[in-house]
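Here are the chains, one letter per residue:
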Amino acid sequence: MMEPAVQSCAACGDDAHAACRACSYALCRACLDEDAAEGRTTCARCGGEYAAPDPAHGKGNAVEEEEEDHHAPPAAGGQHERVTMGSHLSDRQDEGSHARTISNVSGVGHARTISSVSGSELNDESGKPIWKNRVESWKEKKKEKKASAKKAAAKAQAPPVEEQIMDEKDLTDAYESLSQIIPISKNKLTPYRAVIIMRLVVLGLFFHYRITNPVYSAFGLWMTSVICEVWFGFSWILDQFPKWCPVNRETYVDRLVARYGDGEDSGLAAVDFFVSTVDPLKEPPLVTANTVLSILAVDYPVEKISCYVSDDGSAMLTFESLAETAEFARKWVPFCKKYSIEPRAPEFYFSQKIDYLKDKIHPSFVKERRAMKRDYEEYKVRINALVAKAQKTPEEGWIMQDGTPWPGNNPRDHPGMIQVFLGETGARDFDGNELPRLVYVSREKRPGYQHHKKAGAMNALVRVSAVLTNAPYILNLDCDHYVNNSKAVREAMCFMMDPSVGRDVCYVQFPQRFDGIDRSDRYANRNVVFFDVNMKGLDGLQGPVYVGTGCCFYRQALYGYGPPSLPALPKSSVCSWCCCCPKKKAEKNEREMNRDSRREDLESAIFNLREIDNYDEYERSMLISQMSFEKSFGLSSVFIESTLMEHGGVPESANSSTLIKEAIHVIGCGYEEKTEWGKEIGWIYGSVTEDILTGFKMHCRGWRSIYCMPVRPAFKGSAPINLSDRLHQVLRWALGSVEIFFSRHCPLWYGYGGGRLKWLQRLSYINTIVYPFTSLPLVAYCCLPAICLLTGKFIIPTLSNAATIWFLGLFISIIMTSVLELRWSGIGIEDWWRNEQFWVIGGVSAHLFAVFQGILKMVAGLDTNFTVTAKATDDTEFGELYIFKWTTVLIPPTSILVLNLVGVVAGFSDALNSGYESWGPLFGKVFFSMWVIMHLYPFLKGLMGRQNRTPTIVILWSVLLASVFSLLWVKIDPFIGSSETASTNVCSNFDC
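Each chain has its residues counted from 1, following the order in which its sequence is written. Where totals are concerned, whole chains, interfaces and linings use all residues; where local detail is concerned, this predicted model gives features only for residues with pLDDT of at least 70, and gives and counts side-chain atom pairs only at 80 or more. Only hydrogens and water are set aside; all other atoms, that is, all heavy atoms of the structure, feed into the side-chain values.

**Q** Can you tell me about the environment of Asp478, naming the residues and giving the values?
**A** Within the element layout of this structure, Asp478 appears in strand E9 (residues 473–478). Residue burial is assigned from relative accessible area. The probe radius is 1.4 Å, only protein chains are included, and a residue is buried under 20% of its type maximum, exposed over 50%, and partly exposed in between. Residue Asp478 is classed as partly exposed on the basis of its relative accessible area of 21%. In this structure, the C-alpha to C-alpha distance between Asp478 and Ser718, residues 240 residues apart in sequence, is 10.0 Å. Here, residues are in contact when the closest pair of their heavy atoms is within 4.5 Å. Contacts of Asp478, omitting those with residues within four sequence positions, involve Ser276, Thr291, Lys454, Gly548 and Thr549. Helical segments are the DSSP runs of H or I of at least four residues, strand segments are the runs of E of at least two, and each set is numbered from the N terminus.

As structure tokens, this is what we get:
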């Protein structure tokens, strides 16, 4: 049966209050009252009677009866108890008193075109229907009333001129872009690009000279040096050209507030925070607690924030410390928001050596700050007591306060656990205000299942959060990275919620900043060159790489969906009921269209959300079945429905009483089996650096990313500042790159079919997975100067004038490239030099081990772990910097350092014995050897420890190596001392 749409007043367009029973001519309440005041009680069109409303103007008129009946359950036999307007019209159609034409327009409701041919219409003297004159007069009166009302309201409530200007400004801000690209000045960028091209040309000429002028007296050394130099040139190209188009960005948070509002009625999107931790004894609970507290206190509407903490070690210590943190948050969060303090991690706020009274005008601030500091110290004592208690595990396992055993006593065999501490239904702060939701999650683990470490834990959080809150955006942080800028979420939303920018943005990456680094940053922990140079360059292409923390994701991008710019899967244009359309031809056309619109080589269940929105409910269900959602996302109808909600929110079909049960189901250890999780959906498995893989897959699908660098750093974390821990951190990163190199996701051959990954972006990803292999030529090249000093040979033949120009041109272009890069990026020369030094230190140690470990893992399936043993501690400032931990990773750089030192001593000894003529070639060899020693100088200081106290094991190793090299030099010296040809060639080199 045809159901009519809600009618509008024929006179003014407002919602109809009553309608004529004969011709359905409808009027609103105001127009009816006006007619009644003028003595007209019948229909102006046909003279019929209106449906009589009740005296209180409540329910009872025809329109309201129809609306009520539309939602009422059907009576027995499928008939409605009350007659609707639609059925009344159908009955009147049969009477024939008024001929009418009724037409339905699908998608717009049920529109009717009603034309009357009855002679009962009343006309005026000019032949114009009287009801039309009345309608026009009603409309004019209505307009006059509205205009006078508006004028009176404007006169009564007219704000001052200053407020009007501010309102206009806010309105203007609301429609302006929320961010802006600040291009690098052409005065800085043009010379930089010109020098890069010049360096590329000079590099080609240099290689031509080196290859065409071999050194036959030291052919092996010459060949090794040329191979190393060619690789270095290739590595430089991979690193340099992705920095061709660097950009800066600026955000406008005030415009974001003007557009979407603030507070309870804000239109800002919801955000789910993810914090991951494993072992509370290695990752102190107090550090994790500060991260959680800084999240709960962010400057963002509380109902839009949820914090999920993943405890992948199922430790009762983490659970209890989180419960204590939730209780302390009831005091800490309102304190932070009341006084707008920064940062909002209490440990770092109270330890700041600044004037905390600056810009504080509230008289009670000092008193409340002292009370809060005392509360925090008491809270720390409670956390420390929990840590002390957890040092020794009871034989019977941990027991909870209610006397039941802790479910996670066996970290490798336990059920999934979820506990909601705060939120809409949880405890409120001490001012009675709602707090953001805080959820503890420990996924199920059973023997025999692959759990995929951090990537698996993050995917579990994705599913849990989708079931419980389903915010459209996800921001993940390591447990030691706290929110340093309370407006960081708003900074990210300036990109994500800007229709002109966020349309195809999969994530917004923030730079990593660190606390507790020594002033000189001896081991380049800050990674300034990477975060302030390389990442800005990538932002001008397809966006920065994902670095594992401090990143705000668009949830739909994690689900494997393509960006809106991808072509939608077209609906079949072939009719399914027509017998004239050949079936095979229809299937073939559909396959061709699908092949053209989807990228075959990505092998994923990826499609555009727009194509689903274009289907009705039946077609949508058929499409969902066709795309095999369960095979992709797993067996959870609640979760599958949440993946289709582009703007987030819990599905309406979800039963709130069973959401926790459903959340437990989606973190089961067997949930991901035979699905696309870790392959095409969520964090990608297959490497210990799952962050690089995850970002790479998104860029291959056509998404882009954004690099956001607020003036106040968004997040801050801690980094290992002693040598051994720093090298093992770099070893893990390099091993992940080697694993990706040997996987099917290698950027050298993956993701070409769609053409979505830009070529310079691909070069940057190739650089991220081949850089560990640079360690092989680097180790060889660092040994060459010492070998030349010990053997009296050299890798460069006699230099001609042209060759001298190429050498000088290459050195000058290298220096100019670095200087101009420092100029446009704004980083200091000390940061650049520390990066150069650690590139060599890490290259000859951690990267070398990563290459061999990756090859062993691929060929033999061996997974070798290099353990670290602490030897000393120091409680003074930066005391960790002087901790020395011997590990096998230190062997190669120590050997190279000793070898070059012995070579320099042997070279000077030989020069003293040989006379004046040997000093010329000595300077060239010593220059290259000193280049190696200068780059390894921070490593040497790390070996020395505090106050130049060299560990005994390093002394023994150095003496042993020095003895071996000295014996070798004594043995071969008689054979090379009489080599006049080599000496003459080398001498002539430096006479030039």
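**Q** Describe the UniProt feature "binding site: Mn(2+)" (unreviewed entry) in the protein chain, naming the residues involved and giving the relevant values.
**A** UniProt positions are given in the numbering used here, feature names are shortened, and annotations may be inferred rather than shown by experiment. When the UniProt feature table is mapped onto this chain, "binding site: Mn(2+)" (unreviewed entry) is found at Lys454 and Asp478. A stretch of 25 residues holds the annotated residues, and the largest C-alpha distance among them is 10.4 Å, short enough that they meet in one place. Along the chain, Lys454 turns up in helix H13 (residues 453–468). Taking relative accessible area as the criterion, Lys454 reaches 26% and is therefore assigned partly exposed. If near-sequence neighbours (up to four positions away) are discounted, Lys454 is found in contact with Ser276, Asp478, Gly548 and Glu690.

**Q** Account for unusual backbone geometry, with residues named and values stated.
**A** Negative phi values dominate among residues other than glycine, just as trans dominates among peptide bonds. Residue Pro343 is reached from Glu342 by a cis peptide bond, and omega for that bond is -10°. Along the polypeptide, Pro343 turns up in the loop between helix H10 (316–339) and helix H11 (346–350). Of note, Ser340 is a non-glycine position whose phi angle comes to about 50°, a positive value. For Ser340, the location among the structural elements is in the loop between H10 and H11. Judged by relative accessible area, Ser340 falls into the partly exposed class, the value being 49%. Positive phi values are uncommon outside glycine, yet Asn470 reaches one of about 55°. Position of Asn470 among the secondary structure elements: in the loop between H13 and E9.

**Q** Before we move on, can you summarise the UniProt feature "binding site: UDP-alpha-D-glucose" (unreviewed entry) in the protein chain with the specific residues and values?
**A** Taking the UniProt record as the reference, the feature "binding site: UDP-alpha-D-glucose" (unreviewed entry) is found at Ser276, Lys282, Glu283, Asp312 and Lys453. Structurally, Ser276 can be placed in strand E5 (residues 271–277). Those residues in contact with Ser276 that lie beyond four places of it in its chain are Ser310, Lys454, Met458, Leu477, Asp478 and Cys479. Topologically, Lys453 is positioned in helix H13.

**Q** Describe the pairing of E5, listing the residues and the values that go with them.
**A** Burial runs high along E5: seven of the seven residues are buried. Here E5 shows two buried faces, one formed by Val271, Phe273, Val275 and Thr277 and the other by Asp272, Phe274 and Ser276. When DSSP locates at least two bridges between a pair of strands, those strands are taken to pair. Across seven bridges, E5 lies against strand E6 (residues 305–311) in parallel orientation. Its bridge partner being in E6, Phe274 is matched across the sheet by Tyr308. With its strands directed away from the observer, a crossover is right-handed exactly when the path from the first strand over the helix to the second travels clockwise. Taken together, E5, helix H9 (residues 285–296) and E6 form a β-α-β motif whose crossover is right-handed. By the bridge criterion, six bridges tie E5 to E9 in an arrangement that is parallel. Paired with Phe273 across the bridge in E9 is Leu475.

**Q** Tell me what's going on with the pairing of E9, and back it up with residues and numbers.
**A** The buried fraction of E9 amounts to five of the six residues, a majority that puts the element mostly inside the structure. Alignment of E9 against strand E13 (residues 551–554), held across four bridges, turns out to be antiparallel. Bridged to Asn476 within E13 is Cys551.

**Q** Describe the packing of aromatic side chains, and please don't skip the residues or the numbers.
**A** Centre distance within 6.5 Å is the pairing criterion for rings of Phe, Tyr and Trp, where only the six-membered ring of Trp is used; planes under 30 degrees apart are then read as stacked, over 60 as edge-to-face, and the remainder as tilted. Under the defined criterion, the tally for this structure stands at 52 aromatic pairs. Where Phe232 meets Tyr781, the ring centres are 5.4 Å apart and the plane angle is 90°; that geometry is what we call edge-to-face. Placement of Phe232 in helix H7 (residues 219–240) and of Tyr781 in helix H26 (residues 775–791) is noted, with a sequence separation of 549 residues between them. In this pair, the class of Phe232 matches that of Tyr781, namely buried. Grouped by ring-pair contacts, the aromatic residues Phe328, Trp332, Phe335, Tyr339, Tyr349, Phe350, Phe365, Tyr376 and Tyr379 constitute a single cluster. Should the NZ of a Lys or the CZ of an Arg lie within 6 Å of a ring centre and within 35 degrees of the ring normal, that charge is described as sitting over the ring. The aromatic ring of Trp677 is capped on one face by Arg463, whose charged end is 4.8 Å from the ring centroid. If you follow Arg762 out to its NZ or CZ, it ends over the ring of Tyr752, 3.7 Å from the centre.

**Q** An account of the sheet that holds E9 is requested, with residue identities and associated values reported.
**A** Taken together, the eight strands give an open sheet; going across it, the order is E7-E8-E6-E5-E9-E13-E11-E14, and neighbouring strands pair in mixed fashion. Lying at the two open borders of the sheet, with one neighbouring strand each, are strand E7 (417–422) and strand E14 (704–707). Each neighbouring strand pair of the sheet contributes to a mean axis angle of 20°, computed without reference to strand direction. Between N-to-C directions, angles cover 0 to 180 degrees, with each direction set by a line fitted to C-alpha atoms, over the stretch in contact for helices.

**Q** Account for the pattern of salt bridges, naming residues and giving values.
**A** Each reported salt bridge corresponds to a side-chain nitrogen of Lys or Arg within 4 Å of a carboxyl oxygen of Asp or Glu. Enumeration according to the criterion identifies 29 salt bridges in this entry. Where Glu821 meets Lys243, a salt bridge forms, and the shortest distance between an N and an O atom there is 3.0 Å. Residue Glu821 is found in helix H27 (residues 801–825), and its partner Lys243 is found in the loop between H7 and strand E4 (247–251); the two are separated by 578 residues along the sequence. The buried category is assigned to Lys243, whose relative accessible area is 3%. Lys716 is the partner of Asp515 in a salt bridge, and the nearest nitrogen-oxygen pair spans 3.7 Å. With a gap of 201 residues between them, Asp515 in strand E12 (residues 513–515) and Lys716 in strand E15 (residues 715–718) connect regions that are remote in the sequence. In this structure Asp515 comes out as partly exposed when scored by relative accessible area, which is 22%. For Lys716, a relative accessible area of 22% gives the class partly exposed.

**Q** Kindly report on the side chain of Ser929, identifying the contributing residues and their values.
**A** Here Ser929 is to be found in helix H31 (residues 919–935). By relative accessible area, which is 0% here, Ser929 ends up buried. As used in this structure description, the phrase polar contact means that two N or O atoms lie within 3.5 Å; if the pair is within protein, one of them must be able to donate a hydrogen and the other to accept it, and residues adjacent in sequence are counted only when both atoms belong to side chains. A polar contact is formed between the side chain of Ser929 and the side chain of Asn900, at a distance of 2.9 Å. Among residues more than four places away in sequence, those in contact with Ser929 are Pro785, Leu789, Asn900 and Val904.

**Q** A description of the packing of H7 against helix H25 (residues 759–770) should follow, citing residues and the corresponding values.
**A** Across the interface, H7 lies against H25 with an axial gap of 8 Å and an inter-helix angle of 130°. Between H7 and H25, the angle falls in the class oblique. Contacts from Trp231, Ser235, Leu238 and Asp239 in H7 reach Leu763, Ile766, Asn767 and Val770 in H25. Grouping the constituent residues of the contact of H7 with H25 by class yields five nonpolar, two polar and one charged. Orientation labels follow simple angle bins: below 35 degrees gives roughly parallel, above 145 gives roughly antiparallel, 65 to 115 gives roughly perpendicular, and whatever is left gives oblique. When residues are sorted by character, Ala, Val, Leu, Ile, Met, Phe, Trp, Tyr, Cys and Pro go into the nonpolar class, Asp, Glu, Lys and Arg into the charged class, and all the rest, Gly among them, into the polar class.

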